[in-house]
Amino acid sequence: MLFGLIVACEVAFWVLLGAGLAVRYLLRRRRLGGLLLLAVPLVDLVLLVASVADLRGGGRAEFTHGLAAAYLGFTVAFGHDMVRWADVRFAHRFAGGPPPDRRKRYGKERARDEWRSWGKGMIGWAVACGLLLAGVVVIGDLERTVALLEWAGRLTFVMLVWLVFWPLACTIFPTRPPQDVQSDGSVTGRASH
């Protein structure tokens, strides 16, 4: 049941986001669109309440409870960015807004972006692990909550892999722009032979 609720919450996130943007830009009702966008976090609240209620009702923590905590943590960390990403594209497509930034990032700029993204991932990790550990404490039975502790380990492993293969790798081995991209990001014409 909880897995179905997680899927429903993900669908509701995108439906509310799409509805909010459509009302804001297509119907030109900025306030109503804004209210729909403000309802997006309520989806997370529903999932949190359902997870806690399931565990408090004597349920044994399962894979889906940990998945719910991970979903909530990373939605807190990246949800605003996803809304902003969609808003910029929707405004450009339907309301004459400026085009999204499509610059390719190289070198130090790319490394800075990777560190920033990883930092947000760490916020998601901290929120998810906080929820997982809170579940362990609230239930008070280590045997029933082993799955939550296993999720904390999985998330920690993912964050370490992310650290090594993206921010550290981009810092130690910075990417270089292709030869046809100048330092200011403009593309030069290639000479034909």
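Quantities reported herein were computed from a predicted structural model and do not represent experimental measurements.

### A word on a nonpolar patch on the surface
Next up, step 1: A grouping of Trp-115, Val-164, Phe-165, Trp-166, Leu-168, Ile-172 and Phe-173 is seen on the molecular surface, where their side chains present a nonpolar patch of about 730 Å² in accessible area.
Next up, step 2: In this fold, Val-164 is placed in helix H6 (residues 146-172).
Next up, step 3: Val-164 gets classed as partly exposed once you look at its relative accessible area, which sits at 45%.

### A short note on the pattern of salt bridges
Pairing between side chains of opposite charge can happen when their charged atoms approach one another.
Next up, step 1: On inspection of all chains with the given rule, the structure shows eight salt bridges.
Next up, step 2: One salt bridge connects Lys-120 with Asp-81, and the closest N-O pair in it is separated by 2.5 Å. Of the two residues, Lys-120 sits in helix H5 (residues 107-139) while Asp-81 sits in helix H4 (residues 63-95), which places them 39 residues apart along the sequence.
Next up, step 3: Close ionic contact of Asp-113 with Arg-105 constitutes a salt bridge, the shortest N to O distance being 2.6 Å.
Next up, step 4: Judged by its relative accessible area of 18%, Asp-113 is buried.
Next up, step 5: Salt bridges sharing partners connect three or more residues here, namely Asp-101, Arg-105, Glu-109, Asp-113 and Arg-116.

Conventions and cut-offs
- Residues numbered from 1 in each chain as written.
- Predicted model: local features only at pLDDT ≥ 70, side-chain atom pairs only at ≥ 80, totals over all residues.
- Heavy atoms only, no water.
- Patch = residues over 30% accessible without salt bridge, like charges linked within 9 Å, V, L, I, M, F, W, Y side chains within 5 Å.
- Areas by Shrake-Rupley, 256 points an atom, 1.4 Å probe, with all protein chains shown as cover.
- Salt bridge = Lys/Arg side-chain N within 4 Å of Asp/Glu carboxyl O.
- Helix = DSSP H or I, 4+ residues; strand = E, 2+ residues; numbered from the N terminus.
- Buried < 20%, exposed > 50% of the residue type's maximum accessible area, 1.4 Å probe, protein only.

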